[in-house]
Structure formats: structure tokens, C-alpha cells
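Structural features, examined
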Amino acid sequence: MPDVKDSVPPKNAGVAETGSREPLKKPGPPRKEDSGPQAPAPRTSQTVTEVSKTDNKVETNHDTCAEEKTLPLSSLEGKVKETMHNDFWDHLKEQLSATPPDFSCALELLKEIREILLSLLLPRQNRLRTEIEEALDMNFLQQEAERGALNVAYLSKYILNVMTLLCAPVRDEAVQKLENITDSVRLLRGIFQVLGLMKMDMVNYTIQSLQPQPQEHSIQYERAVFQELLNEQPSLLNHTTKWLTQAAADLTAPPTCPDASDSANAAGPSPNEAANNQEPLNPAMVLSQGFLNLLLWDPANEEFPETLLTDRTRLQELESQLHQLTILASVLLVASSFSGSVLFGSPQFVDKLKRITKSLLEEFNSRPEEAMQSVSEQVSQEIHQSLKIMGLAALSSDSTTSLMGQLQNIAKKENCVRSVIDQRIHLFLKCCLVLGVQRSLLDLPGGLTLIEAELAELGQKFVSLTHHNQQVFGPYYTDILKNLISPAQAVKTKVESL
């Protein structure tokens, strides 16, 4: 079987900076069908109404991104899909364990994997394409299967080598975890799951490469529409000015919680330290703080920044996602403190616990106490069963009671674990705005490593939204910040165009 390691060019350095094939999601071209004359709104509400209309005048869907559809496990469709998948992998295991082994399912799986790998190649990678076609020649593999000599384990390792070369940096850890799996069926299942993510990465990379011109047109169009409104109403930026003024005040205020020094012993400044560096005050940091404040916005506060009205729904969705991750990470942190590193060292156990918890948290917003009651019961049961399967000592009745009590307390907003996790997720998002998602993932605050994939998704969406907004309204933000930052600060930081 050919060795592919010397035949593939290095991963694309041009895209590695932003997570390779996980691009910033950018807006589509403007839509002009709604640009006709509108009846004037009353002057008292004209500002909010007219700025909101720009969302109809131009398509600001800068979250354009292909995503694999995930079904809630609590839904009938989700349960059916999960059952069918489990049945397939159980059937494959039975076939490979038979005497003599039956390779029919394995061949179909290898064929599909082969097609996925080929679809991930760039046009210039002809040599690797030839090697994959030779190494996974289905006619040859069929002959090997008929002789009972198909080496599934060897082929799986070969596939992993190819995936290591082709995956985006954000998938490196997932691929590396697969290298530690010795069971052939589990390994193939893991390979298939990661390949699905790599397909989405390639689709998004393609979308990104096709979007620069429409994006630039959209930016110019949105800014022009807003400028027209601003010419008619000079007070249109009043709420935006208040928003940035508050952000500057937040940065100059003394810190209320010292919980951000997880990397104090590092040889140099960590991403967390860089994100928390408040001296000297500069426009980029003020704007980043302003964007973070939007994730804590009181719905009753009508003074939402005019420049972000079209993004308000998306920001609310990100706020909801952040809230769910806070609860999820809190549950995992509490559970891991009782079951130790043995259970939580198993990716399969962690993934199962995450799926169960996410499903039970669907009703958290409306019924937090009831939801956490269900979570506490199910999580303690899963820990008990897993400890028993692994032949480890079960939790004592006192420990079980304490575990369930601590999990149920997460329903309270003032819960200390929940508060710390919430602060650390906000710190991570601040790092994302300052340093980028990939660098921020290298130095996750304690308690967040188990939700790394979910944080990467949240961070990418947040950075994408703020990046687009800054591109459109940067000139307005620059003018406002020049007036907010003192002359001495302005000399130090050289307030320039954002």
C-alpha cells in the first residue's frame, strides 16, 4: 500500500490562520426587491423602524454556512435515526466477528469512505488522488474479502493517515483521538463521523472562496443605506454612542472577579492574559467589550445600538447558545468531580453524557428546576452504570445524593459553578475577538475543555457577526471612539480607522 505522507503539500497556510476550511461566514449579495419607496413612519419611532428595514433591503446573512442537520434525540425522527445507526454498527461488528468473517458491510463502508476522501482533494492533488484510488481499489479489496484476507484494521490506519493530511487544523485533535482506538468497528465509526465534519469544512471553504465580491458589494450597500438615513437624522447614532461609552467605562472599571489567571505560570503571555490586558485602552478593545455586552443585553432596554439592529436576532440566538453551553459545561464539571478522570477520559462516555444533557435541557428556559431534576437523575444513573461496567467502585449513597444536589443547584442563577463557567465562556469569546478562534482554543480556561467543539462553533459565529458589522460600520465607530478616548490615550494607542 503506498505511503502518502510525502506526496501531499502541507495544509493550506493561507486558511490555517482562521481554522482552514472553517471560514468566517460572510454575507450574500444585496437584495433589491424591497428597496422601493416606503410610507414614512412616525418620527418618534422612525429611527428604529428605518434602520430595521435595512435588513430587508440587503441580505445580511453573514452566517452563510453549510451545517449538518442534527436532530434532537428526544424527537421521534432523532430516535429512529439513532437506532438505525446503532443497528448498522452492531451488524458490522457481528459480520467481522463471524467465522469466517463477512466483509460485505465493510466493503460498502470502505467504498463510501473512498469517495469522501476523493471529494476532499483539491484539483492539484493528482498524485494523492492516484494513491488513494490504488490503496482503496474496490475490485482488489473485493478479491481480498472473498479470500477472507481483507485487513480492515490496516486499511483504517491508512485512512487515518490520509485524514491527517487533509483535515483542517480544527479537526486535528479529533483525528488524533481516533488513533488511540483499537477496536475496528469503533474506529470505522469514528472515521465516518469525522469525515462528515471534514465534508462540511470543504463545503464552507468553497462557499468562502466564492463570496469575496458579493461580500464587498454588500458592505458598501449597507453602509450607503445607513448613511442616507444618517443624513436625514443626525441623532441616529445616539444609542450606538451610549453603547460604546458604556463599553469604555467597563474596561476602565476595577475588575469584579479575579477568576482569569489559569495560566499564571506560563513562560509568556497567554491568550487569556492578552485578552484581559486593559492598558492602554484602545479602540479595538472598547469595541470588543461592546460586542460582548450585547450578549448580556436586557430585552427591556430599547436603546439597542442602531448599527446592530439588523443583527439583533442573531445576537439573541448566540446569547441563547451561550446560556445552554454554560449549563452544559456546569453539569459536566460537577459530574467529573464525582466520577474522576477514568470515566471522563473516555470520549464515548463524555459524548453520551453531553447528548443526554442537551436533550434534557431543551425545557430549561421554561422549567429550570424540573429540567435539572431530570438531568441529575439521568447523569447519576449513567455514572453508576458506567462505573459498574468498568468494574469500578460505585458511588456511595452520600456521594450520589451530593452529586444530584449540586446538579440541581445549577438551576439557580447565583450558583457558583454556573457563574464561574459563564465568566470563563465570556473570557473565551473575548479572546476570540482579540486573537481569533483557533488561538483561543489553545488556552481554554479550566472547565471548558469538554465543550471545546461547541465553543469553537459559538466563537466562529460570534467572530463572523462582529467582523461583518465592523466592516460595515467601522468608520462610524472610529469617529465615536476618537471622542471617547482621552488625548493622552489617543497618543499612546494611535486611534486609527477600525
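None of these values were measured; they are calculated from a predicted model.

Structural notes on the overall build of the chain
Secondary structure assignment for the chain yields 21 helices and 0 strands. Sorting the 498 residues of the chain into buried and exposed places 44% on the buried side. Partitioning the contacts of the chain with sequence separation of at least 6, the portion at a separation of at least 24 is 76%. For the chain, the accessible area works out to roughly 25300 Å², and carbon and sulfur atoms hold 52% of it.

Re helix 7 (residues 152-166)
An α-helical turn contains 3.6 residues, so a residue and the one three or four places further along point in the same direction. Over its 15 residues, helix 7 runs 21 Å from end to end, which matches the ideal 21 Å to within 8%, given 1.5 Å per residue. Residues of helix 7 that are buried: V152, L155, S156, Y158, I159, L160, V162, M163 and L166.

A few points about unusual backbone geometry
In the segment running from T99 into P100, the intervening peptide bond is cis, with an omega of -5 degrees. You can see P100 is positioned in the loop between helix 3 (76-97) and helix 4 (104-119).

Things to note about the pattern of salt bridges
For the coordinates displayed, the defined rule picks out 11 salt bridges. Measuring nitrogen to oxygen at the nearest pair gives 2.9 Å for the salt bridge that ties R114 to E115. Here D201 and R171 are joined by a salt bridge, their closest N and O atoms 2.9 Å apart. Taken together, the residues D201 in helix 9 (residues 184-210) and R171 in the loop between helix 7 and helix 8 (172-178) connect sequence positions 30 residues apart.

Considerations on a nonpolar patch on the surface
A surface patch of nonpolar side chains, about 390 Å² in accessible area, is lined by V342, I389, M390 and L392. Mapping L392 onto the fold places it in the loop between helix 16 (368-389) and helix 17 (397-409).

Here we look at the confidence of the model for the chain
This prediction gives the chain a mean pLDDT of 79; 74% of its residues lie at or above 70. Per-element averaging of pLDDT across the chain places helix 1 (residues 13-16) at the bottom with 34 and helix 18 (residues 416-435) at the top with 94. Low confidence marks residues 52-63, where pLDDT is under 50. Its contacts with residues over four positions away, or in another chain, come to 47 contacts. In this model residues 257-271 is a low-confidence stretch, pLDDT under 50, and it forms 20 contacts with partners more than four residues away in sequence or in other chains.

Concerning the nonpolar core
By size, the foremost hydrophobic cluster in this structure holds 73 residues, and its most contacted members are W243, M372, I425 and I451. A total of 13 residues in this core trace back to one element, the largest contributor, which is helix 14 (residues 312-344). L110, L122, L155 and I181 belong to the second-largest nonpolar core, a separate cluster that totals 44 residues.

Notes on helix 20 (residues 452-484)
End to end, helix 20 covers just 36 Å across 33 residues, shorter than the expected 48 Å (1.5 Å per residue, more than 12% under). Residue F473 marks the point of greatest curvature in helix 20, where the axis turns by about 75 degrees; the proline P475 follows within four residues.

What about the packing of aromatic side chains?
Counted under the stated rule, the structure contains 9 aromatic pairs. Ring geometry for W243 and Y477: centres 5.7 Å apart, planes at 65 degrees, overall edge-to-face. Highlighted residues: W243 in helix 11 (residues 238-252) and Y477 in helix 20, separated in sequence by 234 residues. We note that W243, like Y477, is buried. Ring geometry for F473 versus Y476: centroids 6.3 Å apart, planes at 45 degrees, classification tilted. Of the two residues, F473 and Y476 are both situated in helix 20; the distance of 3 residues between them amounts to about one turn of the helix. The class of Y476 is buried, set by a relative accessible area of 8%. Aromatic rings pair up to connect F226, W243, F291, F473, Y476 and Y477 into one cluster.

Rules behind the numbers
All chains use their own residue numbering, which begins from 1 and follows the written sequence. Residue-level local features of this predicted model are given only where pLDDT is at least 70; pairs of side-chain atoms are given and counted only at 80 or more, and the full residue set underlies all totals for whole chains, interfaces and linings. The basis for the side-chain values is all heavy atoms of the structure; hydrogens and waters are excluded. Secondary structure elements are taken from DSSP: a helix is a run of H or I of four residues or more, a strand is a run of E of two residues or more, and numbering for both begins at the N terminus. Only protein chains enter the calculation, and the probe is 1.4 Å; a residue is then buried if its accessible area is under 20% of its type maximum, exposed if over 50%, and partly exposed in between. Note on contacts: a residue pair is in contact if any heavy atoms of the two residues lie within 4.5 Å. Per-residue and other accessible areas follow the Shrake-Rupley method at a 1.4 Å probe size, with only the shown protein chains counted as cover for residues. A helix is expected to reach a length of 1.5 Å times the quantity of its residues less one. Any Lys or Arg side-chain nitrogen found within 4 Å of a carboxyl oxygen on Asp or Glu counts as a salt bridge. Patch building starts from residues that exceed 30% relative accessible area and form no salt bridge, then joins like charges within 9 Å and nonpolar side chains (Val, Leu, Ile, Met, Phe, Trp, Tyr) within 5 Å. pLDDT measures how confident the predictor is about each residue, on a scale from 0 to 100. Nonpolar cores were defined as sets of buried Ala, Val, Leu, Ile, Met, Phe, Trp, Tyr and Cys residues, with membership established by side-chain atoms within 4.5 Å. Across the chain, bend at a residue is computed as the angle between axes fitted to the seven residues ending at that point and the seven starting from it. The criterion for an aromatic pair is that two Phe, Tyr or Trp rings (for Trp, the six-membered ring) have centres within 6.5 Å, with stacked assigned to planes under 30 degrees apart, edge-to-face to planes over 60 apart and tilted to the rest.

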